[in-house]
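# Structural overview
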Amino acid sequence: GAVVSQHPSWVICKSGTSVKIECRSLDFQATTMFWYRQFPKQSLMLMATSNEGSKATYEQGVEKDKFLINHASLTLSTLTVTSAHPEDSSFYICSAFGTGVSNEKLFFGSGTQLSVL
Amino acid sequence: KQEVTQIPAALSVPEGENLVLNCSFTDSAIYNLQWFRQDPGKGLTSLLLIQSSQREQTSGRLNASLDKSSGRSTLYIAASQPGDSATYLCAVTQGGSEKLVFGKGTKLTVNP
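Residues numbered from 1 in each chain as written. Chains lettered and ligands numbered in written order. Predicted model: local features only at pLDDT ≥ 70, side-chain atom pairs only at ≥ 80, totals over all residues. Heavy atoms only, no water.

Moving on, we get to the sheet that holds strand β8 (residues 72-77) of chain B. Residues and elements named next belong to chain B. With antiparallel pairing, five strands are arranged side by side in an open sheet as β1-β3-β8-β7-β6. Unpaired on one side and paired on the other, β1 (4-7) and β6 (56-59) mark the two borders of the sheet. On average, adjacent strands in this sheet sit at an angle of 15° to one another, irrespective of strand direction. The pairing of strand β3 (residues 19-25) with β8 spans six bridges and is antiparallel. Looking across to β8, one finds that S24 is bridged to R72. (Pairing = 2+ DSSP bridges. Helix = DSSP H or I, 4+ residues; strand = E, 2+ residues; numbered from the N terminus. Axes fitted to C-alpha atoms, helices over the stretch in contact; angles between N-to-C directions.)

Following this line, the structure appears as structure tokens:
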């Protein structure tokens, strides 16, 4: 089945630093990627949708200047948390939708647990 | 705005028991509904996907039903095993979008 690789799986950083999370589709072309985050005991919430070669579309309440998303190729999307603060500590997960796989399913990465000290 | 609710939030059962997880959604105009499994600190695994025109889907010991008009879905797990212990998430999409709206999940523990 389709594989989405997400790295790193966990990261601890100091407040004020930036963190980049990568999401790669290994065996298909991801025309669209989605970024979600999940706070403890809360549901996964969509942050933004990115289409290859286009600017990401952010959900209401998500700061586009803080959460930079780049989808420069059909197999790679990155999420950069700029000037991270403790309140950004969360579980971030990407999903991909694309050609060459079932058009009805999204495939998820394994997630990144971010802890900001 | 679509809202997805899952009941119960947590469930603990002895091995071998059959169980039902519930999911409800406020807007019945969905495109499809999916059940996922999430293991601690890991990604999501899609278990079953039901199109809005379908009533149920089965995969092994899992059976998911959908009653679109009433905004409900159930996930039935037969003969539960300790390896089934995980958080089960229900999510819906609406026409023209692949955006998923998730419930908070049901944390299932199957005791040996």
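What follows continues from the structure just given.
Okay, the pattern of salt bridges next. Residue and element names in this part refer to chain A. For the coordinates displayed, the defined rule picks out five salt bridges over all chains. Its salt-bridge partner being D88, residue K66 comes within 2.9 Å of it at the nearest N-O pair. Taken as a pair, K66 in the loop between β6 (57-58) and β7 (67-73) and D88 in the loop between β8 (76-81) and β9 (90-99) lie far apart in primary sequence, 22 residues in all. As far as the burial class goes, K66 and D88 line up, both buried. (Salt bridge = Lys/Arg side-chain N within 4 Å of Asp/Glu carboxyl O. Buried < 20%, exposed > 50% of the residue type's maximum accessible area, 1.4 Å probe, protein only.)

What follows deals with the interface of chain B and chain A. Each partner contributes to the interface: chain B provides 19 residues, whereas chain A provides 19 residues. In this assembly, chain B packs against chain A so that about 1500 Å² is buried in total across both faces, 58% of it on carbon and sulfur atoms. Applying the counting criterion to the chain B and chain A interface returns one salt bridge. Among the ionic pairs, E59 of chain A bridges to K99 of chain B, the shortest N-O distance being 3.1 Å. Among the residues forming the side of chain B that touches chain A, the class breakdown is seven nonpolar, eight polar and four charged. (Contact = heavy atoms within 4.5 Å. Buried area = accessible area lost by both parts, 1.4 Å probe. Nonpolar A, V, L, I, M, F, W, Y, C, P; charged D, E, K, R; others polar.)

Let's shift gears to the nonpolar core. Of all hydrophobic cores here, the largest spans 25 residues; its most connected members are V4, W35, F67, L79, Y92 and L114 of chain A. Of all the elements in the fold, those that place two or more residues in this core are β2 (10-13), β3 (19-25), β4 (29-38), β5 (45-51), β7, β8, β9 and β11 (112-116) of chain A. Other than its neighbours up to four places away in sequence, Y92 of chain A contacts Q6, I21, Y36, R37, M47, F67, L79, G111, T112 and L114 of chain A. V4, V13, L75 and V92 of chain B belong to the second-largest nonpolar core, a separate cluster that totals 23 residues. (Core = buried A, V, L, I, M, F, W, Y, C linked by side-chain atoms within 4.5 Å.)

Looking now at the environment of F102 of chain B. Residues and elements named next belong to chain B. With respect to the helices, strands and loops of the structure, F102 is situated in strand β10 (residues 101-102). On the accessibility criterion, F102 (3% relative accessible area) is buried. A C-alpha to C-alpha distance of 19 Å links F102 and L11, two positions 91 residues apart in sequence.

Further remarks concern the state of the cysteines. Any covalent bond linking the sulfur atoms of two cysteines counts as a disulfide. In total, this model carries two disulfides over all chains according to the counting rule given. Here C23 of chain A engages in a disulfide with C94 of chain A; their sulfurs sit 1.9 Å apart. Residues C23 of chain A and C94 of chain A share a disulfide whose torsion about the S-S bond is about 80°; that sign makes it right-handed. With C23 of chain A in strand β3 and C94 of chain A in strand β9, this residue pair connects regions lying 71 residues apart in the sequence. Judged on exposure class, the residue C23 of chain A and its partner C94 of chain A are both buried. In this model, C23 of chain B is linked to C90 of chain B through a disulfide, with the two sulfur atoms separated by 2.0 Å. Every disulfide takes its handedness from the sign of the S-S torsion; for C23 of chain B and C90 of chain B that torsion is -65°, giving left-handed. Of the two residues, C23 of chain B is situated in strand β3 and C90 of chain B in strand β9 (residues 86-93); the sequence distance between them amounts to 67 residues. C90 of chain B matches C23 of chain B in its accessibility class, with the two residues each being buried. Between C13 of chain A, a cysteine without a disulfide, and C94 of chain A, which holds the nearest cysteine sulfur, the sulfur-to-sulfur distance is 18 Å. (Disulfide = S-S within 2.5 Å.)

Attention now moves to the pairing of β5 of chain A. The side chains of a regular strand alternate between both faces of the sheet. Residues and elements named next belong to chain A. Within β5, five of the seven residues are buried, which leaves the element mostly enclosed by the surrounding structure. Connecting the antiparallel pair β4 and β5 is a turn made up of six residues, with K41 showing a positive phi of about 60°. Pairing geometry for β5 and β6, over two bridges, is antiparallel. Opposite A48, over in β6, you have Y58 as the bridge partner. The antiparallel pairing of β5 with β6 creates a hairpin that spans five residues between the two strands, and G53 there sits at a positive phi of about 80°.

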